[in-house]
Amino acid sequence: QVQLVESGGGLVQAGGSLRLSCAASGFTVSRSAMGWFRQAPGKEREFVAGINWTGRTTNYGDSVKGRFTISRDNAKNTVNLQMNSLKPEDTAVYYCAADFRTTIPWVVTTISEYDSWGQGTQVTVSS
């Protein structure tokens, strides 16, 4: 059974850092494209960061470029999101997602292209 469980969210002051982790089970992250999305209250879910199935290509939303870094730990079967220089506008529920296709060389940024989702973890950045 495929499962994604996010952790690492919490309350942090502006300028601080958090590291989110997504633990995968039922499949192997080293053979899957993975993405992080977020949804703030009253807003649509948006793409934050992604890594393609080979692990050699990453992509980021414009609002987080230079501040966030996605990585995967194949030994632990996890995908991580290091978030630095956090801003109040980064406040949202963060979701991990998996795309099981292995034919797409680029990073998928569209919500509908992902096959499986976690339940999300809350990140709150105070000013």
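Residues numbered from 1 in each chain as written. Predicted model: local features only at pLDDT ≥ 70, side-chain atom pairs only at ≥ 80, totals over all residues. Heavy atoms only, no water.

K.L.:
Can you tell me about the overall build of the protein chain, naming the residues and giving the values?
P.N.:
Helices and strands together make up the secondary structure of the protein chain, namely zero helices and 11 strands. The C-alpha radius of gyration computed for the protein chain amounts to 13 Å, which stays within 12% of the reference 14 Å derived for 127 residues, consistent with globular compactness. Principal axes of the C-alpha set define a box for the protein chain whose edges measure 40 × 25 × 25 Å. Considering the protein chain as a whole, with its 127 residues, one finds that 45% of them fall into the buried category. Within the protein chain, contacts between residues separated by at least 24 positions form 60% of all contacts whose residues are at least 6 apart in sequence. (Helix = DSSP H or I, 4+ residues; strand = E, 2+ residues; numbered from the N terminus. Rg over C-alpha atoms; globule rule 2.2 N^0.38 Å. Buried < 20%, exposed > 50% of the residue type's maximum accessible area, 1.4 Å probe, protein only. Contact = heavy atoms within 4.5 Å.)

K.L.:
I'd like a description of the sheet that holds strand 7 (residues 68-73), backed by residues and values.
P.N.:
Remark on secondary structure: sheet strands pair via backbone hydrogen bonds, oriented parallel or antiparallel. Taken in spatial order, the four strands line up as 1-3-8-7 in an open sheet, and their pairing is antiparallel. Only two strands of the sheet have a single partner each, and these edge strands are strand 1 (3-7) and strand 7. With direction set aside, neighbouring strand axes in the sheet form an average angle of 15°. Relative to strand 8 (residues 78-83), strand 3 (residues 18-25) is paired through six bridges, and the arrangement is antiparallel. For L20, the partnering residue across the bridge sits in strand 8 and is L81. (Pairing = 2+ DSSP bridges. Axes fitted to C-alpha atoms, helices over the stretch in contact; angles between N-to-C directions.)

K.L.:
Give a description of the pairing of strand 11 (residues 121-126) that names residues and reports values.
P.N.:
As a general feature of sheets, a regular strand has side chains that alternate between the two faces. Judged by which residues are buried, strand 11 turns out to be one-sided: T121, V123 and V125 face inward and are buried, whereas Q122, T124 and S126, on the alternate face, are not. Bridging between strand 2 (residues 10-13) and strand 11 involves four bridges; their strand directions are parallel. Following the sheet pairing, Q13 is matched in strand 11 by S126. Direction of pairing for strand 9 (residues 92-99) relative to strand 11: antiparallel, over a ladder of three bridges.

K.L.:
How would you explain the side chain of T78 if you had to name every residue and give the values?
P.N.:
Structurally, T78 is set in strand 8. Beyond its immediate stretch of four places on either side in the chain, T78 contacts S21, C22, A23, V29, S71, R72 and D73.

K.L.:
Explain the state of the cysteines residue by residue, including any values.
P.N.:
Taken as a whole and assessed by the stated rule, the structure comprises one disulfide. A disulfide bridge connects C22 with C96, and the sulfur atoms are separated by 2.1 Å. Between C22 and C96 the disulfide shows an S-S torsion of about -80°. By sign, it is left-handed. One end of the pair, C22, is in strand 3; the other, C96, is in strand 9, and 74 residues separate them in sequence. (Disulfide = S-S within 2.5 Å.)

K.L.:
Explain the pattern of salt bridges residue by residue, including any values.
P.N.:
In total, this model carries six salt bridges according to the counting rule given. For K65, the salt bridge is made with D62, and the minimal N-O distance between the two is 3.2 Å. Judged by its relative accessible area of 68%, D62 falls in the exposed class. As a salt-bridge pair, D99 and R101 come within 3.0 Å of each other at their nearest N and O atoms. The exposure class assigned to D99 is buried, which follows from its relative accessible area of 0%. Residues joined by salt bridges that share partners form a network here, namely R38, E46, R67 and D90. (Salt bridge = Lys/Arg side-chain N within 4 Å of Asp/Glu carboxyl O.)

K.L.:
Summarise the packing of aromatic side chains; cite the residues concerned and give the values.
P.N.:
Tallied over the entire structure, the rule returns five aromatic pairs. Between F37 and Y114, the aromatic rings sit 5.2 Å apart at their centres with planes inclined by 80°, giving edge-to-face as the arrangement. Placement of the pair is F37 in strand 4 (residues 33-39) and Y114 in the loop between strand 9 and strand 10 (116-117), with a sequence separation of 77 residues. Judged on exposure class, the residue F37 and its partner Y114 are both buried. The interplanar angle of 55° and the centroid separation of 4.9 Å between the aromatic rings of F37 and W117 together place this pair among those described as tilted. In this pair, F37 is assigned in strand 4 and W117 in strand 10, connecting sequence segments 80 residues apart. Overall, F37 belongs to the buried group, its relative accessible area being 0%. Within the aromatic cluster, the residues linked to one another by ring pairs are F37, F47, Y114 and W117. Note that R45 overlies the ring of Y95, its terminal NZ or CZ placed 3.7 Å from the centroid. Taking the ring centre of W117 as reference, the NZ or CZ of R45 above it sits at 5.0 Å. (Phe/Tyr/Trp six-rings, centres within 6.5 Å; stacked < 30°, edge-to-face > 60°. Lys NZ or Arg CZ within 6 Å of the ring centre and 35° of its normal.)

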